[in-house]
Amino acid sequence: MVPLEHVIGLSAILFMIGVLGVVTRRNLIVVLMSIELMLNAVNLAFVGFNRLWAVVDGSPSLDGQIFVLIVITVSAAEVAVGLGIVISLFRNRDSVDIEEVSLLKW
Amino acid sequence: MTVPIFLFYAFAVISILGSLGMVLNTRNTVTSAMSLVVTMVALAGIYVLLEAHIVAVFQIMVYGGAIVVLFLFVVMLLNLSTDEFRPGRQRLVKLGAMLLGLIVLAALLRVLTTALPAAQPIPEGFGGFAQVGIALYTDYVLLVEMSGLLLLAAIVGALILSKRKID
């Protein structure tokens, strides 16, 4: 039996590595990958907690796993649109450096 | 230490190393994408250990297959040069990193010292195709319809965004 405290700990660590990537990297593609990593960390927490409460009122409960499937769908859509933005950005600016697209930043 | 627990720690170490390799590698974006694949596959292994078999299958199919291939296509299409970490505002980044690290440390300590209730034994066929399929098409059928719509919108959006000229 996998210790669920450690699953949640691993999820937190992966999420923080994702945040590190979003904050420190300048390449927009790697920033998108880091966002994917953060989504995956949350998925891991969902699956872990679903394993913990696998049976609710005597019947199997799969809510966490269904959530994960939906999150995977949403992140696939997000990547498609995000990479579309990357391509049009590269077409206009000849680079994917997010430091160069800071017009709307405070 | 039984075999599943050993496998869990092995996959955990692999996924952390893979994600660190993705974030800290500034020389080559293709290597970053490959490290992402390693992380995703290791996470799929952890899902299997947590009795989420369908989720593991979709993790490998969608993340390891489709999404990373999409990333690789774009990387090769754009022909990127090397990248470095963000200059300037180093102090802000350090301060933020320290704060976030402290928060996560506190959360980790809290989680690791709290004894979660023991997981119940799982029923037969838990997380298999039959049970997940029935749950998806009875209780969550609206979610399935809405994700179909979302994917349609994403296709149209991606096409319009990456088109050279909209006619």
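In case you missed it, the structure is sitting above this.
Q: Quick rundown of the overall build of chain A? Include the residues and the values.
A: Scanning chain A from N- to C-terminus turns up 3 helices and 2 strands. Taken over the C-alpha trace, chain A has a radius of gyration of 18 Å; the compact-globule value for 106 residues is 13 Å, which it surpasses by more than 25%. Judged by the C-alpha coordinates and their principal axes, chain A covers about 60 × 25 × 25 Å. Looking at chain A as a whole, 48% of its 106 residues are labelled buried. Here the analysis covers contacts within chain A between residues at least 6 apart in sequence; of these, 47% occur between residues at least 24 apart.

Q: Tell me about the environment of B:Q59, residues and numbers included.
A: All names here are of chain B. Tracing the chain through its elements places Q59 in helix α3 (residues 53-78). Residue Q59 is classed as buried on the basis of its C-beta count, with 26 C-beta atoms lying within 10 Å. For the pair Q59 and L49, spaced 10 residues apart in sequence, the C-alpha to C-alpha distance is 14 Å. Sequence-distant contacts of Q59, that is, excluding residues within four places in its chain, are made with M40, L43, A44 and Y47.

Q: Describe the nonpolar core, and please don't skip the residues or the numbers.
A: Residues A:I29, A:M33, B:I46, B:Y47 and B:V55 are the most contacted members of the largest nonpolar core, which totals 63 residues. Where this core is concerned, the elements lending two or more residues are α1 (4-24), α2 (28-52) and α3 (63-93) of chain A together with α1 (3-24), α2 (29-49), α3 and α6 (141-162) of chain B. When residues of this core are assigned to domains, at least three fall in each of domain 1 (1-83) and domain 2 (125-167) of chain B. Not counting residues up to four positions away in its chain, the partners in contact with B:V55 are A:V47, A:Q65, A:V68, A:L69 and B:Y47.

Q: Tell me about the packing of α3(A) against α6(B), and name the residues and values.
A: At a minimum axis separation of 8 Å, α3(A) and α6(B) run at an interaxial angle of 10°. As the angle between them shows, α3(A) and α6(B) are arranged roughly parallel. Within the contact between the two elements, α3(A) uses A:I70, A:T73, A:V74, A:A77, A:A80, A:V81, A:G84, A:I85, A:I87 and A:S88 and α6(B) uses B:L143, B:S147, B:L150, B:L151, B:A154, B:G157, B:A158, B:L161 and B:S162.

Q: Run through unusual backbone geometry, naming residues and quoting values.
A: A positive phi angle, near 65°, is found at A:D94, a position not held by glycine. Its location among the elements puts A:D94 in the segment after α3. Here B:E51, not a glycine, exhibits a phi torsion of approximately 65°, which is positive. Relative to the helices and strands, B:E51 resides in the loop between α2 and α3.

Q: Give me the lowdown on α1(A), citing residues and values where you can.
A: For α1(A), spanning 21 residues, the distance from its first C-alpha to its last is 30 Å, which sits close to the expected 30 Å at 1.5 Å a residue. Every buried residue of α1(A) is accounted for by A:V7, A:I8, A:L10, A:S11, A:L14, A:F15, A:M16, A:I17, A:G18, A:V19, A:L20 and A:G21.

Analysis parameters
Residues numbered from 1 in each chain as written. Chains lettered and ligands numbered in written order. Predicted model: local features only at pLDDT ≥ 70, side-chain atom pairs only at ≥ 80, totals over all residues. Helix = DSSP H or I, 4+ residues; strand = E, 2+ residues; numbered from the N terminus. Rg over C-alpha atoms; globule rule 2.2 N^0.38 Å. Buried ≥ 20, exposed ≤ 12 C-beta atoms within 10 Å, placed from the backbone. Contact = placed C-beta atoms within 7 Å. Core = buried A, V, L, I, M, F, W, Y, C linked by C-beta atoms within 7 Å. Domains from an automatic or database assignment. Axes fitted to C-alpha atoms, helices over the stretch in contact; angles between N-to-C directions. Parallel < 35°, antiparallel > 145°, perpendicular 65-115°, else oblique. Expected span 1.5 Å × (residues − 1).

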